[in-house]
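Structural overview for review
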Amino acid sequence: VGICAAAALVHHVRRHPGGFVPRGVVTAPGLLSGAVVGLTLFAGYYGVLSTAPELLARQHVSPLQTGLLLLPAAMCGIMTGPALAALWRRRQPLWQTTALLGMLTATAALLAGWLPLPAVVAAGVALATIGFAAAQVILVGRVRDLVAPGDRSTAAGLFNFMLYGGSSIGPALAGGLSGVSMPLALSAVAAVALAGTATSALTRLRSGADAPT
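Because the structure is predicted, anything quoted here is derived from the model rather than measured.

1. Things to note about unusual backbone geometry
The backbone phi angle of His60 is positive, close to 65°, even though this residue is not glycine. Following the sequence through the fold, His60 ends up in the loop between helix H3 (31-58) and helix H4 (63-90). On the basis of relative accessible area, His60 is assigned to the exposed category, the value being 74%. One non-glycine residue, Arg204, adopts positive backbone phi at about 50°. With respect to the helices and strands, the residue Arg204 is situated in the segment after helix H9 (182-203). The exposure class assigned to Arg204 is partly exposed, which follows from its relative accessible area of 46%.

2. Section: the side chain of Ser178
On the secondary structure map, Ser178 appears in the loop between helix H8 (169-177) and H9. Residue Ser178 is classed as buried on the basis of its relative accessible area of 16%. A distance of 3.2 Å separates a polar atom in the side chain of Ser178 from the backbone oxygen of Gly175. If we skip the residues at most four places from it in the chain, Ser178 touches Arg58, Leu173 and Ala185.

3. Some remarks on the packing of H8 against H9
Helix-helix packing is described using two parameters, namely the angle between the two axes and the distance between the axes. Across the interface, H8 lies against H9 with an axial gap of 8 Å and an inter-helix angle of 160°. Comparing their axes, H9 and H8 come out roughly antiparallel. Here the hand of the crossing between H8 and H9 comes out right-handed. Between H8 and H9, the contacting residues are Ile169, Gly170, Leu173, Ala174 and Leu177 on the first element and Leu184, Ala185, Ala188, Val189 and Val192 on the second. Within the contact of H8 with H9, the residues separate by chemical class into 9 nonpolar, 1 polar and no charged.

4. Topic: the nonpolar core
The biggest cluster of nonpolar side chains holds 48 residues, and the ones touching the most others in it are Leu31, Phe159 and Leu186. Among the secondary structure elements, those contributing two or more residues to this core are helix H2 (23-26), H3, H4, helix H5 (94-114), helix H6 (118-142), helix H7 (152-166) and H9. When residues in this core are grouped by element, the largest group, 10 residues, is from H3. Leave out the neighbours within four places in its chain, and Leu186 touches Gly47, Val48, Thr51, Leu55, Ala109, Ala112 and Gly113.

Analysis parameters
Residues numbered from 1 in each chain as written. Predicted model: local features only at pLDDT ≥ 70, side-chain atom pairs only at ≥ 80, totals over all residues. Heavy atoms only, no water. Helix = DSSP H or I, 4+ residues; strand = E, 2+ residues; numbered from the N terminus. Buried < 20%, exposed > 50% of the residue type's maximum accessible area, 1.4 Å probe, protein only. Polar contact = N/O pair within 3.5 Å; in protein donor to acceptor, adjacent residues only side chain to side chain. Contact = heavy atoms within 4.5 Å. Axes fitted to C-alpha atoms, helices over the stretch in contact; angles between N-to-C directions. Parallel < 35°, antiparallel > 145°, perpendicular 65-115°, else oblique. Left-handed = near helix turned anticlockwise from the far one by under 90°. Nonpolar A, V, L, I, M, F, W, Y, C, P; charged D, E, K, R; others polar. Core = buried A, V, L, I, M, F, W, Y, C linked by side-chain atoms within 4.5 Å.

Set out below in C-alpha cells:
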C-alpha cells in the first residue's frame, strides 16, 4: 500500500507541480532526507515509550509508580531539547548531531529491551526523550530555510506529517514483535533509529543555511 501510494504521489506531483503537494517543496534539497532522519528518531522515541509501561508491569511496578518513574524522563525532554539545539547552533555540522541523536535513541531502546530493570527503563525513556526533543527543535526549525518564503507553511505541514506519520513505525514494530520477544521488538526499534544515523552520515545532512540553492 505504501509503495502504491508513493508511486501515485510522484505521478500526481509531476502532473500538478503547483498543487496541494508542491514539487518545489518535496524536491527542496535536504527536506526529504531530513524527514527520514526525523521520523526514525521519532519512531525510536515512541517505540521505547509505548513499551515502557509493559516492561515496568512485568517488574511488578504499579501504574502510579510507572507514572512517577517516567516523570523525570518527560522533564529531560523539556530541559534538554532547547539546550541541545542551542549547542548544535554553535557546533556544526548538522549531520553529526543527528547521527549522535540516532545512536542515543538506539542505545535507549537496547537498554530498555535487554535490561528491563525499572531504573534502566526510566533511563532509556529519558535518553529517547532527549533525542526526540532535540530532533524536533533542530529539524522542524530548519525546514523554513530550505524552501522559498511562500512555501514555508506548506513545507512545515508536510514535514510534520512525514515525521509524525512515519513515527508510527516504532510502536508498530514494538507491538508486532513484543508477542515474540520484547528484546527482539526493541532491537528492531533500535535498528530504525540507527537507520537515521546512517541516513545522516550518507547524505551529510546539512543545515538550511548550508543547503544548496
